[in-house]
Amino acid sequence: SIAIAGHPHEDGERVRVISVQDIREKLDGNQAKATIVEVTIEPGESGLAHRHPGPGFVYVLEGEYELGIDDQPTKLYQAGETFYEPTGCLHRVSKNPSATRRTRLIAVVLHPHNVDQIAVPVEKHE
């Protein structure tokens, strides 16, 4: 099972697993799978800093989303837009900047077959 699935944690992200699928393609030479999740962030809420064990491909389904990875400036995405997160990058900002509308994302994360936790929390001052 996915470690973050359905667990309310101290961050503002609610994660629901839609699908976990073994895939034929290898990731860095290892057996791999793809996990698809829906992430919901209520108005003004933020997620904790984390990393992903493989590349992430994200579609903003509803609302707007503020993304900050590594030392790059934050970017704002609107419903209908997509973005990519490279393997292992520091996802330092994950925020719904709206005061009134919720944000919903669909994320596909490719990851090693033996890894179940697709978002690994990191300390604030890593």
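Scroll up to find the structure this text is about.
Predicted, not measured: the structure shown is a model, and the values here were computed from it.

Novice: Help me out: how do you make sense of the sheet that holds strand E4 (residues 56-62) in this one?
Specialist: Adjacent strands of a sheet form backbone hydrogen bonds with each other and so pair up, either parallel or antiparallel. Ordered in space as E1-E2-E9-E4-E7, the five strands form an open sheet in which the pairing is antiparallel. Edge strands, defined here as strands with exactly one partner in the open sheet, are strand E1 (13-27) and strand E7 (82-85). If you compare each strand with its neighbour and ignore which way they point, the axes differ by 20 degrees on average. Pairing of strand E2 (residues 30-41) with strand E9 (residues 103-112), which is carried by 10 bridges, proceeds in the antiparallel orientation. When the sheet's bridge partners are listed, Ala34 is paired in E9 with Leu110.

Novice: Just checking my understanding: could you explain the side chain of Asn96 for this structure?
Specialist: Inspection of the secondary structure puts Asn96 in the loop between strand E8 (91-95) and E9. At 2.9 Å, the side chain of Asn96 forms a polar contact with the backbone nitrogen of Ser98. What Asn96 contacts, discounting residues up to four positions off in sequence, is Ile41, Glu42, Pro43, Gly44, Glu45, Glu64, Arg101, Arg102 and Thr103.

Novice: In this structure, what is going on with the packing of aromatic side chains? I would like to understand it.
Specialist: Two aromatic rings are characterised by how far apart their centres lie and by the angle between their planes. Across all of its chains, the model carries three aromatic pairs by this definition. Ring plane angle 5 degrees and centroid distance 5.6 Å describe the contact between Tyr65 and Phe83, whose orientation is recorded as stacked. Of this pair, Tyr65 sits in strand E5 (residues 64-69) while Phe83 sits in strand E7, placing them 18 residues apart in sequence. On the accessibility criterion, Tyr65 (1% relative accessible area) is buried. Look at Phe83 and you get buried, because its relative accessible area is 7%.

Novice: How should the environment of Gly29 be read in this particular structure?
Specialist: Summarising the element assignment, Gly29 is placed in the loop between E1 and E2. Residue classification places Gly29 among the exposed positions, given a relative accessible area of 56%. The spatial distance from the C-alpha of Gly29 to the C-alpha of Pro112 is 9.3 Å, given a sequence separation of 83 residues.

Novice: Help me understand the environment of Gly54, please; the structure alone is not making it clear to me.
Specialist: The topology assignment puts Gly54 in the loop between strand E3 (50-51) and E4. Residue Gly54 is classed as buried on the basis of its relative accessible area, which comes to 0%. Distance in space between the C-alpha atoms of Gly54 and Thr87 is 4.3 Å, their sequence separation being 33 residues. In contact with Gly54, other than residues within four places in its own chain, are Leu27, Glu85, Thr87, Val109 and Leu110.

Novice: Quick question: what am I supposed to make of the pattern of salt bridges here?
Specialist: Opposite charge on two side chains permits pairing when their charged atoms draw close. Evaluated as defined, the whole model comprises six salt bridges. Put simply, Asp116 and Lys33 hold a salt bridge, and the shortest N to O gap is 3.2 Å. With Asp116 in the loop between E9 and strand E10 (120-121) and Lys33 in strand E2, this residue pair connects regions lying 83 residues apart in the sequence. Judged by relative accessible area, Asp116 falls into the partly exposed class, the value being 33%.

Novice: Hey, could you run me through the nonpolar core in this one?
Specialist: Most often, soluble globular proteins keep nonpolar side chains buried together rather than apart. Counting residues in hydrophobic clusters, the biggest one holds 16 residues, and the most contacted among them are Val37, Val39, Val60, Tyr65, Leu67, Phe83 and Leu105. Looking at this core, the elements that each hand over two or more residues are E2, E4, E5 and E9. Aside from chain neighbours lying at most four places away, what touches Val60 is Tyr65, Tyr77, Gln78, Ala79, Gly80, Glu81, Phe83, Arg104 and Leu105.

Here is what the cut-offs are and how they apply
Residues numbered from 1 in each chain as written. Predicted model: local features only at pLDDT ≥ 70, side-chain atom pairs only at ≥ 80, totals over all residues. Heavy atoms only, no water. Pairing = 2+ DSSP bridges. Helix = DSSP H or I, 4+ residues; strand = E, 2+ residues; numbered from the N terminus. Axes fitted to C-alpha atoms, helices over the stretch in contact; angles between N-to-C directions. Polar contact = N/O pair within 3.5 Å; in protein donor to acceptor, adjacent residues only side chain to side chain. Contact = heavy atoms within 4.5 Å. Phe/Tyr/Trp six-rings, centres within 6.5 Å; stacked < 30°, edge-to-face > 60°. Buried < 20%, exposed > 50% of the residue type's maximum accessible area, 1.4 Å probe, protein only. Salt bridge = Lys/Arg side-chain N within 4 Å of Asp/Glu carboxyl O. Core = buried A, V, L, I, M, F, W, Y, C linked by side-chain atoms within 4.5 Å.

In short, geometric facts, not functional conclusions.
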